[in-house]
Every structure is written in structure tokens, then in C-alpha cells.
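# What the coordinates show
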Amino acid sequence: MSGDLHVRDNMAMGRQYSVLEYDKILRLLAEHASSALGAAEAEDLLPAVHPDEIRRRLAETAEAVSFIMRKGTPGIDEFGNISGTVDYAEKGGSLSMAQLLAVTVQMAAVRGAMSFLKESAGDDGAGGGVATPILFEIASAMTLHKDTEDRIRSSILSENEMADGASPELRHIRRQIGVQNENIRTQLNRLITSASYRDILQDHVITRRDGRWVVPVKSESAKQLPGIIHDRSKGGATVFIEPQAVVNANNALRELDIEEKREIDRVLVELSSLISDISDELRMNQDMLTRLDFIFAKGLLACEMKANEPVICEDLILEVVNARHPLIYQGSVVPVSLTLGKDYSALIITGPNTGGKTVTLKTVGLFVFMAGAGLHLPASRAVIPAVKDVFADIGDEQSIEQSLSTFSSHMKNIVEIVRKAGKGSIVFLDELGAGTDPTEGAALAISILETLVRRGCLVMATTHYTELKKYALAADGVENASMEFDVKTLSPTFRLRVGLPGRSNAFEIARKLGLPESVVARAAESMDSGSIAFETVIEQADADRRAAEKARVDAEHSLAEIEKKSDALNLEVARFETDKAALMEKARAESLAKIAEAGEYADIIKMELKALLDEAGDLIEITRSGASAVANAKEVPSRGDLYRRLDEHRKAISKLDGEFRNIGAKGSGKSDGKAPCVTSSVYGDKSRISAGDLRIGDTVRLVSLDTEGEVVTLPDEKGELQILVGRIRVTVPLADLRAVRYVKGDHSGRHGPARRAQQGGSRAKRYNGAGSGGAAHIHLTKANSVSSSIDVHGYTLDDAIMEVDKYIDD
């Protein structure tokens, strides 16, 4: 078979399959098939040798596993083998109704599989569902024959009955048959109910014999009813007579029956011709259905074994991690991990009897066969080489006494292996060299191992010989391994330890079983010193290994605990960052709300200030108007009211300023520029004024009123001072003032604190935004147009003070 594992001797290869229990795996695979054809393909499955072919087979299994895990099985039932039926129809034969129905069963199976696979995989097999290009390709290779299926099913009711609607002619014939039957029954009913024949009838019933209607008549009265005798009862007491009166009618009915059969045969020929026309497509459908059933059997087996897809290596490297023998109950099997072909190409496994050595050999050998067959392996990870040949000499004999014939049988197998094995082969040898003199057996075993390693084979062998343990320690490309044994419980643990040979444990077992210490000591004395020393070294190495293993496990536990705490800490940090971001966002939202509120309030204050200035102007005009002032004095607010209202607005703005500062503090613990502050965002801290910088007559800016004024008084002990804004004195805190810096072109002759600082080479450097034609120009114009005197006769004290203040300002 092309692509299958190279077989030089079919009988010998069959023995390898049996020895490694590959045949049992195939039987297990066949049990998961839904059809007899799928099961037969599973039982005939041979491992492939070409890497590409192996990977293709594994990809099929992987798709089936993926499909089953996500969508379930397509539900392919037994669809039968219709190859012979199709061949017969193709040759012009007329198929029976049972054969035609069998064809429709396969047609329905094809229809169901195509629908399920294409719907689950999407339109192209790679999208909208499970990515299964191989399964999708198989489904696409099949052909639907819905019209032919419907035609057959509407024509055939069962394996022995054709429907009336199979053809118009058949319907007509059967209608005539029904009429004729009714006529005959009517005549016979009149006969059996007449007084003339009442006494001669055995029973008043009508029945059929050989397709003709008859009545039961007593034997002794048979001559009294003219007609044809068709049958007798077993006892002879009754004869079945076709009365002469219905003979012609029965003849006519018989002719109709012949016509019906002829028409049925014609319909069967017609339907068989339909099958012949699509014979090639039906064969292809059967092949594809069989392949699908086989592939899903592989997927079901992989799911049952909790297996994984192996990696196929073109180099001669084998590696398995946590490998479990697939035929042993998974709850009790101990996983095996080993590597072969990297640092060493031969592995010598030692240990006690029933310790798992043979199972380890069979597990690895079976994995090689299973991977070649495209089956997934029950292991955490597996790298399997695409080997050319697999050889195994494995016996189940565990007896201490082995006869010469057993040794000869093993040696016969080994001779065949040595003759055939070469580069690219993998060899499994159980109890190599056993069954003969230990010295000769060990020497022969070492020679066999050297020969196989030199040829480029991968070798796994089990032994009890100390010489082979020593050989593995000294030889390049050969490694020791052992099956662990618990001396305390006198039982194997079935764990494989690569790197150290196993001890025989014979003395420990003898002591535990009660053999006198003197006998054990005598046995130890009889051993040569080299053997004792070697066993001591093994024991010490094993103790060191156990200590190192315990330290490694403890370190892994500690690392896992640290990683667990680290993950928890990282989670807390992430949670803190999330909460921090949420708080910052909340603070920003509150700041934006306050800014909006401040903007609205600032607009209100501007309107109120405008109204106050208008009222102040009105007050001045009223004061100047003389008599009219007396009449309207009650309608004009006093200067005290104006000061009070201005002071209320100042306090409101200061309150807003404090709220902004609090928001900034809550957001980040310090000002980050994202939580705005009214007093600092416009003028900044660099333009703040200290009490020592102020002089009476300085021009300053009031932040809360967003305007400029003139210092009238210096700050008192509370840090408050009076500022003249236009014609209005305002009492404000020192913190509400900012220095005003005049730009080039300022000829007012007035000096604010910022200007003095500039002249002295220090202080603030911020401009208030006024241009060369700003406040300085206004003050200069007023100074040039002011009169040289003012007359305040007739003014009240307050009005006179206000008027003089204005005059002085001008």
C-alpha cells in the first residue's frame, strides 16, 4: 500500500502490531465507526511512513475533534454497501424494491452529512463556524440526488410493495383489480348465505387459494357444489372449492394480477435505469461517506482518550511528556516522560519485575504506530519521528526460570531485527540478554546495542544486568533509566527516572519479607566489592536525586505562591488605577460644572456692575441738578448700598474661587492645570502683590470684579484696603489684587507696583493685555481737560466728598 509503513515481511510486521498491541487499538477504533464500511476501513488501517501523509492523516483527526467538541457528530448512521447494487444496475439489471430502498438510504445519509458539515463550517469551510477544510472538501465531493430519491420513495412503499402512484397504468390496473375482487366476493357471499348450500359448508367464510377465491366445503359434501377443488385441510375434513359460477371471474382477476406484475417490473426497470445513470456519483458518495465515518471514528477515539495531536519530526527524535498507555484504565496508569534521539539514541531501562518497564516500551512503540496511522496520542505533548521500520521483541514472561527454548525464541527475533534494522529504524527489546548465563547474556546484549546504535537506530531496551547499567554510564549515545520502587511498601511506583540506573532491591525485599539478617549479610559478603560499590553509588545518587527533587518541588510551590501573590497585587494596582482615573474624571466633571456656573455668575455680576455704575451716574447727575435731587432722592440708592452690594458680589466670587481650589486639591493633591482656579488662571501667582509693594495711588486690578482701581488706603491688620473703582470705593482683601503692568507708550505718569518692580529690575513680568491706546491714554486725556478748581457749595458732605474725589482723580 502506497504511503504505508515499509513492510518487508507481512507476517513479521503483523507480529510487531500484535506485540505492541496496535491491533487492539484498531479494534477500538472500529467500535467508534457508525457503519460496517467505516469499521472495515479502521481495521485495515496501516501506519504511514511519509511525513506529509502522516500530517494529512493527523489533520483529519484534528478537524474531527474540533468539529465534535463544538458541533457534535454529523450523525452518520449505517448506510450500507451499495457497490454490488450499482454495478448490477449499470449492467442493465433490474433492481428489486429492497435494493432501490437501500440506495435511497445512502442518498439520505449523503444529504444529511452535506447539510450538517456545510452549515457548520460556513460557505467555504473556513468561516462562519468550525474551520474544517478537509471535511468541507469531502462534503463538497459528494453529489445530491434529491429528485431520484423522491422518485424512488414515492414509488416504493416497502421492500415488497409498490405504491399505486408509481405509474398511471399501475393505478388503473389496481383499480380494476379492486372492482373485480368486489364482484367475486359479492357472488360468493350470496352463495354462502343461501339455504341451498348452508348445510354443506364447513364455515361461512370466503378465502383465497393460489390467488383464486374459494369457499370451505365439508369433504363429504364436495360433490354437491360444482366447481374446482384447490386445496384440502390438514385433517382432510375440509376442501376448498372454487364455485363454477366465479371461475370466469377468477380467470379475469388472474389476468389483471399478471398485468400488475408486468407493470411493476417495468417500473423497477425504469428506476434501475435512473440508478445506472448516476452510478459513478453513487460510488463516489459511498467512498466519501465511508471516509467521513472513518475520520469521525478517529475523532471520537481521540476525545475518549483525551488525546492530543503529536508533532511529526523528520529527524530521528522521539519525545513524550506524560504519556499514558491507551489500553490501560486512565485512572490508574502512571504517565511516562522521556526523550530519545537528542543527547542519546539508546535508553537502557532497569528496575524490578512488574515495575512498568514493559508497559513503557509498549507505550512508546504503540505511539509510533498510532501517530503513523493519524491517531492522536494520550500525552500532554509528543514528538514522533517518521520512522521507516519499527521492530519489537517483547515477551510477557516474568518467570525467574527461563528455559533455553525461550532464549532461543527471543534470539531468533533479535537476529531478524539485527539483520533488517538500519538508519531510520526504532527498536524495542524487552529483557535483553535474559534466559542464559548472566555473563554471556550481558556481553551479548552490549554487543547488540552497540551494533544497533552504530547503524543509526533508536533503541529502547529493558534489562536486569548490572553490566548493562555500567555500559550505559560509560558509552556515548546511551543513557540509563529506571523504574522507581518503594522499598517501604515493597511495590513499584511505575515512575520512570531518566539518568540513573535502577537498583535490584533484592536485599531490601528479602529483609522486609523476613529473611534472617545473617543470611542477607552472607549474601552481601559473597558479592564482589565492585558490585557492592556500584550499588552504593546508585543508592547515594538516588538519595541525592530525591533531595534535589524535593527541593525543586518546594521551589515550584514557592514560585507558584509568589506568582499568586503577584497576580493579586497586580489586580489591586489595576483596581487602584481604575478608581483613581474615575476620581480624576469626576473631579474634572465637577470643575467643568463650576466653570460653567462661574461663567453664568460672572455675566450676572457684569450686568449688576453696569447697573450700579448707571445708578452711580444717575446719583451724580441728580446731585448736580439741585432741586430735582430733593424730589427724587428716595429713588436713588445711597453710596452705602452700592458699597454693600459690591461687597456681596466680591464675597460670592471669592467663595467660587475657594471652591475651585478645593476641586483642584481633591483631583490630584496639587494643582495640575486641569482643575482651574479663577484667581490664578487669569493673572497667575507671579502677579500677586505684597503689602510692602503697595503705595497710595497705585493702580491695581481687582480679580473678583475683573476691573482696575486705585489704591486709596494701605492694608489694615485684617489685610483689607480700599480701592477706588471709578467713583466707587470698594473694600477688598489684599489677595484679591493683582499688579498691573503698563506697556510701552504709557505716559500717564502713574506708577503701579508692577511698574516700580520693573524699574527696580524685579517683580512680576505679566501684562494685563492693554494696548498703547489703553488706560494710560484715557488718563492723559482727562488730565489735559480738567479745570483748575471745583465748587462744592450746596452739596451734602457725602456728595461733596465724591465730587472732590472725582476732581482729584481727573
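Below: a short report on this structure. (Residues numbered from 1 in each chain as written. Predicted model: local features only at pLDDT ≥ 70, side-chain atom pairs only at ≥ 80, totals over all residues. Heavy atoms only, no water.)

## Here's the deal with the pattern of salt bridges
Side chains carrying opposite charge are able to pair once their charged atoms draw close together. Let me state the cut-off plainly: We count a salt bridge whenever a side-chain nitrogen from Lys or Arg sits within 4 Å of a carboxyl oxygen from Asp or Glu. Helix numbers and strand numbers start at the N terminus; a helix is a DSSP run of H or I with at least 4 residues, a strand a run of E with at least 2. Burial here depends on accessible area, computed with a 1.4 Å probe over protein chains only, as a share of the maximum for the residue type. Under 20% is buried, over 50% is exposed, and the range in between is partly exposed.
All told, the structure shown has 30 salt bridges when counted by the stated rule. In this structure, Glu-149 and Arg-111 form a salt bridge, with 2.6 Å as the shortest nitrogen-oxygen distance. Note that Glu-149 is positioned in helix 8 (residues 146-155) and Arg-111 in helix 6 (residues 97-121), a separation of 38 residues in sequence. Glu-149 gets classed as buried once you look at its relative accessible area, which sits at 3%. Lys-146 serves as the salt-bridge partner of Asp-150, at 2.9 Å between the closest nitrogen and oxygen.

## Thoughts on the packing of helix 14 (residues 438-454) against helix 15 (residues 466-474)
Heads up, the condition is: To define axes, lines are fitted to C-alpha atoms, for helices over the stretch in contact only, and angles between the resulting N-to-C directions are given on a 0 to 180 degree scale. Crossing handedness follows the turn of the near helix against the far one: under a right angle anticlockwise gives a left-handed crossing, and clockwise gives a right-handed one. For this analysis, residues touch if any pair of their heavy atoms sits within 4.5 Å. Basically, the charged four are Asp, Glu, Lys and Arg, the nonpolar ten are Ala, Val, Leu, Ile, Met, Phe, Trp, Tyr, Cys and Pro, and anything else, Gly included, counts as polar.
At their nearest, the axes of helix 14 and helix 15 sit 9 Å apart, and the two run at 35° to each other. When the axes of helix 14 and helix 15 are compared, the crossing they make is right-handed. Here Ala-442, Ala-445, Ile-446, Leu-449 and Glu-450 of helix 14 come into contact with helix 15, specifically with Glu-467, Leu-468 and Tyr-471. Grouping the amino acids of the contact of helix 14 with helix 15 by side-chain chemistry returns six nonpolar, no polar and two charged.

## Some thoughts on the sheet that holds strand 18 (residues 707-711)
Inclusion rule: Strands pair, by our definition, only if DSSP identifies at least two bridges between them.
Pairing in this open sheet of five strands is antiparallel, and the strands run 20-19-18-17-21 from one edge to the other. Only two strands of the sheet have a single partner each, and these edge strands are strand 20 (728-733) and strand 21 (737-739). Taking each pair of neighbouring strands and ignoring which way they run, the sheet shows an average axis angle of 50°.

## Digging into the environment of Pro-216
In this fold, Pro-216 is placed in strand 4 (residues 212-218). Overall, the relative accessible area of 4% leaves Pro-216 in the buried class. In this structure the C-alpha to C-alpha distance between Pro-216 and Arg-232, which are 16 residues apart in sequence, comes to 8.9 Å. If near-sequence neighbours (up to four positions away) are discounted, Pro-216 is found in contact with Leu-201, Gln-202, Asp-203, Val-205, Thr-238, Val-239 and Phe-240.

## Thoughts on the sheet that holds strand 8 (residues 318-323)
The four strands lie next to each other as 7-11-8-9, forming an open sheet whose pairing is mixed. Single-partner strands in this sheet number two, and they are strand 7 (311-313) and strand 9 (336-340). Neighbour to neighbour, the strand axes of the sheet diverge by 20° on average, direction disregarded. Strand direction decides the pairing type here: strand 8 and strand 11 (residues 381-385), joined by three bridges, are antiparallel. Opposite Val-320, over in strand 11, you have Ala-382 as the bridge partner. Taken strand by strand, helix 12 (residues 357-372) contacts strand 7, strand 8, strand 9 and strand 11, and its axis lies near 115° from that of strand 8.

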